[in-house]
Amino acid sequence: MSMTKPIATTRSATGIPTGKLAVWWVIGSEIVIFGGLLASYIMHRIGHPEWAEYASHTNTWFGGANTFVLLTSSLFAVLAHYAAEHGDGKKAAKWLLATCAGGATFASIKAVEWSIEISHGYTITANGFWSFYYTAAGIHALHVIAGCIIMLIIARQAWKGEELHRVELIGIYWHFVDIVWIFLFPLLYIAK
Amino acid sequence: MLQGIYDFIKGIFEPFGEYLIASNVPVASSFADDIDALIALITVFVGFWAILAYAAFFFLIFRFRDRGDGSRAQYVTGEEKNLKRWITYPHAAIIVCDLVIVFMAIMVWYNIKQRLPEADSTVRIISQQWAWNFVHPGPDNELDTDDDITTFNELHVEVGKTYHYELLSKDVLHDFSVPVFRLKQDAIPGRVMKGWFEPTQAGEWDIQCAEMCGIGHGIMGARIVVETPEEHAAWMSQGNTGKLASR
Amino acid sequence: MAEAGTAVETHGAHGAHDHGHHEQSFLSKYIFSTDHKIIGLQYMFTGIVMALIGGYMSYAFRMQLAFPGESVPGYGVVSQGEYNSLVTNHGTIMIFWVAMPVLIAAFGNFLIPLMIGADDMVFPRINRLSYQIFLISAIILIASFFVPGGGFGGAWTAYPPLSANAEYNLTPLGSTLWLVAVALEFVAFLLGGINFITTLMNSRAPGMKMHDIPMVLWMIVIASVLFMASVGPLIAGAVMLFMDQVVGTGYFDPNRGGDPILWQHLFWFFGHPEVYVVLLPAMGIVADIITTFSRKKLFNYKLILYTAFATGIISFFVWAHHQFVAGIDPRMANVFTITTLIISIPIAEMLFLYIATLYGGRIRLATPMLWALSFIAEFLIGGITGIFLGASGSDIYFHDTYFVLAHFHYTFFPIAIIGFFAGITYWFPKMFGRMLNERLGKIHFWGTIISFNFIFIPLFVLGTAGQHRRIYNFQNFPDLAGLQDLRVLATTALLVMLAFQAVFLFNFVVSMFKGKPAGKNPWQSNTLEWTADSPPPHGNWPEGLPNCYRGPYEYSVPGREEDYWPQDVPPDTAPAE
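Residues numbered from 1 in each chain as written. Chains lettered and ligands numbered in written order. Predicted model: local features only at pLDDT ≥ 70, side-chain atom pairs only at ≥ 80, totals over all residues. Heavy atoms only, no water.

Undergrad: A description of the overall build of chain A should follow, citing residues and the corresponding values.
TA: Along chain A, the regular secondary structure elements total seven helices and zero strands. Moving toward the C terminus, one meets the helices and strands of chain A in the order α-α-α-α-α-α-α. Within chain A, buried positions represent 49% of all 192 residues. Sequence separation of at least 24 residues holds for 77% of the intrachain contacts in chain A that already meet a minimum separation of 6. For chain A, the computed accessible surface area is about 8,800 Å², with 71% contributed by carbon and sulfur atoms. Across chain A, 12 positive and 11 negative side-chain charges occur, with their mean positions spaced 10 Å apart. (Helix = DSSP H or I, 4+ residues; strand = E, 2+ residues; numbered from the N terminus. Buried < 20%, exposed > 50% of the residue type's maximum accessible area, 1.4 Å probe, protein only. Contact = heavy atoms within 4.5 Å. Areas by Shrake-Rupley, 256 points an atom, 1.4 Å probe, with all protein chains shown as cover. Lys, Arg positive; Asp, Glu negative; His and termini not counted. Charge placed at Lys NZ, Arg CZ, Asp CG, Glu CD.)

Undergrad: Got a sec to walk through the side chain of B:R223? Specific residues and values, please.
TA: Residue and element names in this part refer to chain B. Tracing the sequence through the fold places R223 in strand β10 (residues 222–227). Take R223: its relative accessible area is 12%, and that puts it in the buried class. There is a polar contact of 2.7 Å between the side chain of R223 and the side chain of D206. (Polar contact = N/O pair within 3.5 Å; in protein donor to acceptor, adjacent residues only side chain to side chain.)

Undergrad: Run through the sheet that holds strand β7 (residues 183–187) of chain B, naming residues and quoting values.
TA: By definition, the strands of a sheet pair up through backbone hydrogen bonds, in either a parallel or an antiparallel sense. Residue and element names in this part refer to chain B. With respect to topology, five strands assemble into an open sheet ordered β4-β10-β9-β6-β7, the strand pairing being mixed. Taken across any chain shown, the strands that pair with only one partner, and hence form the sheet edges, are β4 (154–158) and β7. Across this sheet, the average inter-strand angle for adjacent strands is 20°, counted without regard to direction. Direction of pairing for strand β6 (residues 174–178) relative to strand β9 (residues 203–209): antiparallel, over a ladder of two bridges. Bridging from a neighbouring strand, S177 pairs with Q208 of β9. (Pairing = 2+ DSSP bridges. Axes fitted to C-alpha atoms, helices over the stretch in contact; angles between N-to-C directions.)

Undergrad: Got a sec to walk through the pairing of β7(B)? Specific residues and values, please.
TA: Residues and elements named next belong to chain B. Within β7, five of the five residues are buried, which leaves it mostly tucked inside the rest of the structure. Of the two faces of β7, the one holding L183, Q185 and A187 and the one holding K184 and D186 are both buried throughout. Across five bridges, β6 lies against β7 in antiparallel orientation. Following the sheet pairing, H174 is matched in β7 by A187. What sits between β6 and β7 in their antiparallel hairpin is a turn of four residues, with R182 showing a positive phi close to 60°.

Undergrad: Could you give an account of the interface of chain C and chain B, with specific residues and numbers?
TA: With 90 residues of chain C at the interface, the matching set in chain B holds 82 residues. For the interface between chain C and chain B, the tally reads two salt bridges. As a salt-bridge pair, C:D479 and B:R223 come within 3.3 Å of each other at their nearest N and O atoms. Taken together, the links from chain C to chain B amount to 30 residue pairs in polar contact (both at pLDDT 80 or more). (Salt bridge = Lys/Arg side-chain N within 4 Å of Asp/Glu carboxyl O.)

Undergrad: With reference to specific residues and values, describe the pairing of β10(B).
TA: All names here are of chain B. Here β10 lies mainly inside the structure; six of its six residues are buried. Across the two faces of β10 the burial is the same, with A222, I224 and V226 and R223, V225 and E227 all buried. Relative to β10, β4 runs parallel, the two sharing five bridges. Bridged to L155 within β10 is I224. Here five bridges tie β9 to β10, and the two strands are oriented antiparallel to one another. Across the sheet, residue E204 finds its bridge partner in β10, namely V225.

Undergrad: Residue-level account of the interface of chain C and chain A, with values.
TA: On the side of chain A, 36 residues touch chain C, which itself brings 51 residues to the contact. For the pair chain C and chain A, the two sides together bury roughly 3,400 Å², of which 70% comes from carbon and sulfur. The three residues of chain C that bury the most area against chain A are C:N202, C:M228 and C:Y251, which together make up 20% of that side's buried surface. Counting across the chain C and chain A interface gives 16 residue pairs in polar contact (both at pLDDT 80 or more). Counting only elements with at least two residues in the side of chain C that touches chain A, the list comes to α4 (124–143), α6 (172–202), α7 (215–247) and α8 (260–294) of chain C. With 12 residues, α7(C) is the single largest residue contributor to the side of chain C that touches chain A. The residue inventory of the side of chain C that touches chain A, partitioned by class, reads 27 nonpolar, 16 polar and eight charged. (Buried area = accessible area lost by both parts, 1.4 Å probe. Nonpolar A, V, L, I, M, F, W, Y, C, P; charged D, E, K, R; others polar.)

Undergrad: Could you give me a rundown of unusual backbone geometry, with the residues and numbers involved?
TA: All names here are of chain C. Note that the residue after P160, namely P161, is joined by a cis bond; omega there is 0°. For P161, the location among the structural elements is in the loop between α4 and α5 (166–169). Here the bond from S534 into P535 is cis, since omega is -5°, no more than 30 degrees from zero. Structurally, P535 can be placed in the segment after α16 (484–514). A positive phi is found at L170, a non-glycine position, where the angle reads about 65°.

Undergrad: Explain the environment of C:W446 to me, using residue names and the numbers behind them.
TA: For C:W446, the position within the fold is in helix α14 (residues 438–464). Between the C-alpha atom of C:W446 and that of C:G74, which follows or precedes it by 372 residues, the distance is 27 Å.

Undergrad: Break down the state of the cysteines for me, citing the residues and quoting the values.
TA: Taken as a whole, this structure holds zero disulfides over all chains when the rule is applied. Between A:C148, a cysteine without a disulfide, and A:C100, which holds the nearest cysteine sulfur, the sulfur-to-sulfur distance is 3.8 Å. Looking at the unpaired B:C209, the closest cysteine sulfur is the one in B:C213, lying at 3.9 Å. (Disulfide = S-S within 2.5 Å.)

Undergrad: Tell me about the pattern of salt bridges, residues and numbers included.
TA: Taken as a whole, this structure holds 21 salt bridges over all chains when the rule is applied. Note that A:K110 is salt-bridged to A:E113, the shortest N-O span being 3.3 Å. Taken together, the residues span about one helical turn, with A:K110 and A:E113 both in helix α5 (residues 89–119) at a distance of three residues. Residue A:K110 shares its accessibility class with A:E113, and that shared class is buried. A salt bridge links A:E163 to A:R166, with the shortest nitrogen-to-oxygen separation between them at 3.8 Å. What makes A:E163 partly exposed here is its relative accessible area of 24%. Using a relative accessible area of 25% as the deciding quantity, one classes A:R166 as partly exposed. Through salt bridges with shared partners, a single ionic network connects B:D66, C:R295, C:R362 and C:D563.

Undergrad: A description of the sheet that holds strand β2 (residues 131–136) of chain B should follow, citing residues and the corresponding values.
TA: Residue and element names in this part refer to chain B. Read across the sheet, five strands follow the order β3-β2-β1-β5-β8 without closing on themselves; strand pairing throughout is mixed. A strand with exactly one partner marks an edge of an open sheet, and here the two such strands are β3 (149–152) and β8 (193–197). Strand-to-strand twist in this sheet, taken as the mean axis angle between neighbours without regard to direction, amounts to 25°. Relative to β8, strand β5 (residues 163–169) is paired through five bridges, and the arrangement is antiparallel. In the strand pairing of β8, E166 is matched with K194.

Undergrad: Would you mind going over the environment of B:V159 in detail, with residue names and values included?
TA: All names here are of chain B. Turning to its location among the elements, V159 is positioned in the loop between β4 and β5. On the basis of relative accessibility, which here comes to 22%, the residue V159 falls in the partly exposed class. When the C-alpha atoms of V159 and S29 are compared, they prove to be 8.9 Å apart, with 130 residues separating the residues in sequence. Residues within four places of V159 in sequence aside, it is in contact with P199, T200, Q201, A202, V226, E227, T228 and P229.

Undergrad: An account of the nonpolar core is requested, with residue identities and associated values reported.
TA: Within the largest apolar cluster, 334 residues are counted, with the highest numbers of intra-cluster contacts made by B:W132, B:F176, C:M44, C:W97, C:M215, C:Y354 and C:F375. With 23 residues, helix α3 (residues 80–116) of chain C is the single largest residue contributor to this core. Residue contributions to this core reach at least three from each of two domains, namely domain 1 (2–114) and domain 2 (121–237) of chain B. Once residues within four sequence positions are removed from consideration, C:W97 is found in contact with C:G47, C:M50, C:T92, C:F134, C:S137, C:A138, C:L141, C:A181, C:V182 and C:E185. (Core = buried A, V, L, I, M, F, W, Y, C linked by side-chain atoms within 4.5 Å. Domains from an automatic or database assignment.)

In C-alpha cells:
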C-alpha cells in the first residue's frame with residue numbers, strides 16, 4: 001500500500017528537516033539506554049576490584065581490530081553522504097554497501113572472538129564482569145546489525161535515486177553506533 | 001543551638017501529634033514522638049495552604065459563575081503586576097514553610113538513621129521467606145555466645161534500654177517494621193543493616209514485614225514484647241529451652 | 001454518519017492529496033490505518049479495555065480485603081499468591097496500559113496535528129507501528145495471567161531478588177512475560193514520541209509561534225521528552241533483570257556479586273519522572289478546558305510553561321525518596337528530602353496559576369469543566385500528602401503503608417481517570433461528530449467523584465494507623481484487625497464507583513450513534529481543531545490547511561463582538577461563525 005507523504009512531513013518550522021529531528025530523537029533515547037547500562041557497569045566495576053583480573057582475559061587485538069573496522073566504515077558512511085549531497089545515488093549506494101560490509105565484518109570478528117572466549121569458559125554467567133561484557137557488547141552488536149539492515153534498504157532506494165536525504169540520516173545513526181563502541185572499547189578491553 | 005530550635009518547634013506541635021497518631025498507635029519508642037510531632041507540623045502547614053487554596057478555588061467558581069446575563073469575562077493575561085502578586089507572595093511563603101519542614105525532617109532523620117547511640121544491648125533480626133528469627137544475647141549480653149536465645153516470630157526487649165539491631169535477610173528483600181516504634185528498615189540479602197531503638201512503654205504489639213517478599217508476605221507478622229526489667233529477666237532466665245512463641 | 005470511519009471515507013473532499021485509491025477496505029481504514037485520528041482512537045479503546053481489566057482486578061482484591069477468605073462473585077476465592085498478582089498487575093496496567101496510552105498516545109495522536117493545523121503526523125507508518133507494538137505488549141501482559149504459575153506477583157516495582165529468581169517468586173513464566181510486556185510498551189512509546197516531537201516542532205501552521213501552541217500540546221511533548229530521557233536506564237535494567245530471570249546471570253544476586261539496590265535506582269530514576277510524564281498531559285487537558293469554559297486566557301501562559309519545564313528538570317533529582325529506608329546511604333536521604341520539597345514548589349505554583357485563571361471569568365459548569373475543576377480539587381490532596389512522604393523523617397513511619405497508597409491514588413486517579421473523562425467529554429464531539437448527553441454526564445461525574453473520596457480517605461486513616469501494603473488479609477495482624485469497618489467502607493465505595501461507570505459506558509456508546517449532531521465548534525473554543533469538520537476527514541482540512549494568527553486563548557477580548565477569537569481567523573475580520 002503506497003502512500004503519499006502528508007504535508008506535515010514536508011514542513012519545517014524549526015528549519016531542521018523532520019527526518020533529522022527524528023534520528024536525533026532516536027539517538028537521544030539510545031544514549032540514555034546505553035548510558036544507564038554503562039553507568040551500572042562502571043558502578044559495579046568500581047565496587048569490585050577483582051573484575052580487573054576477569055577483564056584481563058579480553059583480547060585487546062580483537063577489540064582493536066573491531067574499532068578500526070567501525071571507524072573505517074564510518075568513513076565510508078561519510079563518503080556515501082558526500083555522494084548523496086551531490087545527487088549521485090548510485091555512488092552513495094555503493095559506499096553504503098561498503099559501510100554495511102564493515103558492519104558485517106565487525107559482527108564476524110565478534111562471533112569468532114566470542115566463540116574463543118566461550119570455549120575457554122568465559123560465559124555470560126561466569127561472573128558479573130562477563131555478564132556485562134556480553135550484554136553490553138551484545139546489545140551494541142544488535143544495533144550494528146539493525147543499522148546494516150536499514151542501510152541496505154536505504155541503499156536500494158538511493159540506487160534508484162530516491163530519498164537521498166536518508167543517506168545522511170542513516171549515517172548519523174551509524175556514527176552514533178560507532179561512538180558507543182568508542183566507549184565500550186576502553187571500558188571492556190583497555191581498563192585492566 | 002540547632003537542637004534548641006528543634007526542641008522549641010517540636011514542643012509546639014507535639015500535642016497535636018499525639019492527637020493525630022498516638023491516640024490510635026501508642027508511642028512506644030524514644031523517637032516515636034519526634035515523628036508524630038513532625039507529622040503534625042506538616043499537617044498544619046499543608047493544611048493551611050490547602051484551606052487557602054480551596055477557599056480561593058470555591059470562591060472564584062461561585063463569584064465568577066456564568067449568570068446567563070450576557071456579561072463578559074475579563075481579559076487578563078496574568079502578567080499584570082497587581083495580579084501576579086497573588087501568585088508570587090504565596091510562592092515565597094511556601095518556600096519558607098518548606099525550609100522549616102526540611103529542617104525538622106533532617107533533624108528527625110539524623111537522630112534515627114544517621115546516629116547510633118551507645119547500645120545497652122544488641123539483637124539480631126533474621127528475616128526470611130516467610131518468618132522472623134530473633135537472636136537475643138543471653139544473660140552475658142553478647143551475641144554469638146552459647147547463652148543466646150533464638151525465638152521465632154517474637155522479639156523480647158526491655159523498656160528503657162537502648163538497643164542496636166543487626167538486620168539480615170536470608171533470601172529476598174524484607175522490611176523490619178514496628179509501627180509503635182515508628183521504625184522501618186529494609187533487610188537486604190548479603191548485607192547487615194544496623195540501626196537502633198529505645199523502647200519506652202511496656203506492652204505487646206505487631207511487627208510487620210513492610211517490603212513485598214513473595215506469596216507469604218501477608219503471613220509474615222511477628223510480635224514485639226516490651227517488658228519491664230523484672231519480666232525481661234524472668235523471660236531470659238528460661239534460656240533457649242526450645243519453647244517457641246505461639247505465632 | 002458520524003463514526004470515526006467517515007474520517008477517511010469522504011469522497012468529495014479529496015482535493016489536497018489523492019491516495020490513488022478511493023475505496024479503502026475495512027482493514028486498511030480501521031485496523032491498519034496510518035491516520036493519526038484512527039491510531040489515537042485505537043490507543044484510547046485499548047486503554048479503556050485495559051482500564052476495565054485493571055478495575056476488575058481492584059474489585060477482586062478489595063473484596064478479598066473487605067471479606068477475607070470469602071468467594072468473590074465473578075472471581076472466586078482469592079488466594080495469597082493471586083492477591084499479590086492482582087495488586088501487581090492492577091498497578092502495572094493502570095500506569096502503563098491506561099494512563100500513558102490514553103493521556104499521551106490517544107489525545108496526543110488525535111490532537112497534535114489538528115491543533116497545529118497539520119494533515120497528519122510526520123511519520124504515519126511509524127505511528128501505526130508504535131500502536132501495533134503497544135497492542136502486542138498488552139496481549140503479552142494479559143497472556144501472563146494464564147500461564148502455568150500464574151501472573152507475576154512481585155509488585156509493580158519488581159524488586160529483585162524476588163523478581164529475578166523463580167525459586168523466590170514461584171511465577172517463572174509470568175515474571176518474564178510481565179517484564180517483556182513492559183519493555184515492549186516502552187519501545188512503543190519511544191517510537192510514538194518520534195512523531196510527537198517532530199510534528200509539534202516542525203509541522204505547525206504558518207504563523208503559529210511557540211507561544212501560540214495550546215498548552216495541552218506543550219505538556220504532551222514535554223512529557224514525551226521526559227519519558228525518553230528517563231526510560232533508558234530502566235530499559236537497561238530490564239535487560240539485566242531479563243538476563244537474571246532467563247539466562248541465569250547474577251546482576252542483582254548478592255550471592256554472586258550483584259546488587260539488588262542497583263535495580264531500585266534504575267527503576268526509580270525512571271519511575272519518578274514517569275509520574276510527571278502522566279501528570280503534565282493531564283494538566284494540559286485541564287488547561288484547555290478551563291480556558292474554554294471560563295472564557296479566559298490562561299493566567300500567565302509563559303509562567304505555566306516555565307513551571308512545567310522546572311518540574312520536568314527537577315524530577316530527575318528526586319528519585320531516591322522512594323528508597324529512604326531501602327538501605328541507601330542515610331546522608332543521601334537528606335539531599336533527596338531537599339530536592340523533593342523543592343519540586344513541590346513549581347507544581348503548587350502551577351495549581352495556583354490554574355485557580356487564578358478562574359478569576360474574572362464567566363464560568364460554565366458543563367461536564368468537561370466539572371471534571372477539569374475536580375482534577376484541581378482532588379490532585380491538591382495528592383500533592384500535599386506527598387510532602388509527608390518526601391520528608392525523610394516522616395517517611396520512616398509512612399513508607400509502605402496505605403498512606404502512600406492513598407497519596408498516589410489521589411494523584412494517579414485525577415491524572416488517569418479524571419484527566420481521561422475531562423478530555424473525552426470535551427473532545428468527544430470532535431472525535432465522533434455528536435454530543436454526549438449532559439445529564440448522564442453529570443450523574444456519572446458526581447457518582448464517580450463522591451465515591452472516589454469514600455474509597456481513599458479511609459485508606460489515609462488506615463495508613464496513619466500503621467496498616468502496611470500488599471497484605472491479603474489484615475485479620476492476621478492483631479493491631480490492625482479491628483479496623484475492618486474502614487476496609488468494608490472503602491470496598492463498598494469502590495463497588496458504587498464501578499457501578500457508575502456503566503452510566504459513562506452507556507452514554508459513550510449510545511451518543512456515538514444517536515447523540516445530537518455536534519457541528520464544528522460546539523464549545524465556541526479558539527483552537528484549530530474546532531475549525532475542522534466533526535469528525536475531521538482524512539487529511540483534516542481537505543479545503544486547505546489553516547494559518548495561525550494569534551494565541552490559543554484569546555477569549556473575551558475587549559471590543560470584539562464575540563467572546564472568542566479562533567486562531568485561524570485573519571486579523572480585523574469578524575469571526576466566521
